[in-house]
Amino acid sequence: MIKLYSFGPAFGVLDPSPFVMKVDAWMRMSGIPFEHVSSVGNLRKAPKGKLPFIDDGGKVVADSHLIIDYLRQQYDSPLEQGLTVEQKAIAMMVGKSLDEHLYWCLVYSRWIRPDTWPRVKATFFNVVPLPLRAVVCWAAQKKVRRSLHLQGFGRHTDEEILVMTTEMLQALSDLLGEKRYMFGEQPSTLDSTAYGFLCEFILSDIDNAFSQHARKFNNLLQYCERIRDEYYPS
Ligand SMILES: N[C@@H](CCC(=O)N[C@@H](CS)C(=O)NCC(=O)O)C(=O)O
């Protein structure tokens, strides 16, 4: 059976990583059996130093995009069937803007915001022995701050990042409209990506200005709850 290497449940969702959730949702929506191998320690085994990666009978694939490309070639997934060329193009562009833009909004909202960082710190680092904990937390936050700075988001104000996040959510809400899934009655790859990200804002038990704004989009809230109820029954 396919093994999905993940972090493990945190913040009230199955995994704190939207990339893990994206792959998880893709396999569930495709009806492909798999199991989680969950541990923060997986990062040390990860071929690219990031999660997720999968092991499919000895074939190891890292990076959510490449994993889905691989699975699409190996397994018969209904998620791509019936989409027009235009829909596939939209899915690619929207999916990548979640991976490359909304992701950094999420990282900022969790790792930098003073109202949420204590929660993140406790979740990931309470296992570190006390004398070392403060230094490990400081170093981890510094690394994230540096990544945000190099990426560019770290140069924006809190208010600017909140506005950018809300604009992304508004665009997703407009794209979804009254439909069940992004392209109609059936889920597609874009829904696995959208759910992967939206659940981290909407279904997570983190309560900050970012998640509060996200939950105000009624159709996105119902979308997340619908997917959770259908694909995550337990
Ligand atoms: N492009 C990668 C991004 C994966 C990624 O950024 N994973 C984060 C968690 S959300 C991670 O493992 N970070 C650990 C680190 O950078 O040390 C994908 O799509 O899988």
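Structure shown above.
Given the structure is predicted, the values throughout are model-derived calculations rather than measurements.

With that settled, consider the sheet that holds strand E1 (residues 2-6). Taken together, the four strands give an open sheet; going across it, the order is E2-E1-E3-E4, and neighbouring strands pair in mixed fashion. Of all the strands in the sheet, just strand E2 (34-38) and strand E4 (59-62) have a single pairing partner and so form its edges. For this sheet, the mean angle separating the axes of adjacent strands, direction not counted, is 20°. Pairing of E1 with strand E3 (residues 53-56), which is carried by three bridges, proceeds in the antiparallel orientation. Looking at the pairing, Leu4 lines up with Ile54 of E3.

In the vicinity of the ligand, the residues found are Ser17, Phe19, Leu43, Gly49, Lys50, Leu51, Pro52, Asp63, Ser64, His65 and Asp99. Among the residues making up the shell around the ligand, the classes are represented as four nonpolar, four polar and three charged.

In this sheet, E4 lies alongside E3 in antiparallel orientation, the contact comprising four bridges. Considered in E4, the bridge of Ile54 is made with Val61. The turn linking E3 back onto E4 is made up of two residues, and Gly57 within it adopts a positive phi angle of 55°.

Within helix H3 (residues 64-74) the residues assigned to the buried category are Ser64, Ile67, Ile68 and Leu71. Projected down its long axis, H3 shows its buried positions confined to an angular sector of 95°, all on one face. Projecting away from the buried face of H3 at angles above 90 degrees are the exposed residues Asp69 and Gln73. Looking at the buried side of H3, the elements it contacts are helix H1 (18-30), E3, E4 and helix H8 (189-202).

Here Ile206 lies in the loop between H8 and helix H9 (209-215). For the pair Ile206 and Glu100, spaced 106 residues apart in the sequence, the C-alpha separation amounts to 22 Å. The contacts of Ile206, once residues within four sequence positions are left out, are Phe11, Arg110, Thr116, Arg119 and Ser211.

What follows is about helix H10 (residues 218-231). Between its first and last C-alpha, H10 extends 20 Å over 14 residues, near the 20 Å set by a 1.5 Å rise per residue. For H10, the set of buried residues is Leu220, Tyr223, Cys224 and Ile227. End-on view of H10: buried residues confined to an arc of 95°, all on one side of the axis. Pointing more than 90 degrees away from the buried face of H10 are the exposed residues Asn218 and Asp229. Packed against the buried residues of H10 are helix H7 (158-176), H8 and H9.

Rules used throughout
- Residues numbered from 1 in each chain as written.
- Predicted model: local features only at pLDDT ≥ 70, side-chain atom pairs only at ≥ 80, totals over all residues.
- Pairing = 2+ DSSP bridges.
- Helix = DSSP H or I, 4+ residues; strand = E, 2+ residues; numbered from the N terminus.
- Axes fitted to C-alpha atoms, helices over the stretch in contact; angles between N-to-C directions.
- Near = placed C-beta within 6 Å.
- Nonpolar A, V, L, I, M, F, W, Y, C, P; charged D, E, K, R; others polar.
- Buried ≥ 20, exposed ≤ 12 C-beta atoms within 10 Å, placed from the backbone.
- Arc of directions from axis to C-beta.
- Contact = placed C-beta atoms within 7 Å.
- Expected span 1.5 Å × (residues − 1).

Coordinates in, geometry out; function isn't part of it.
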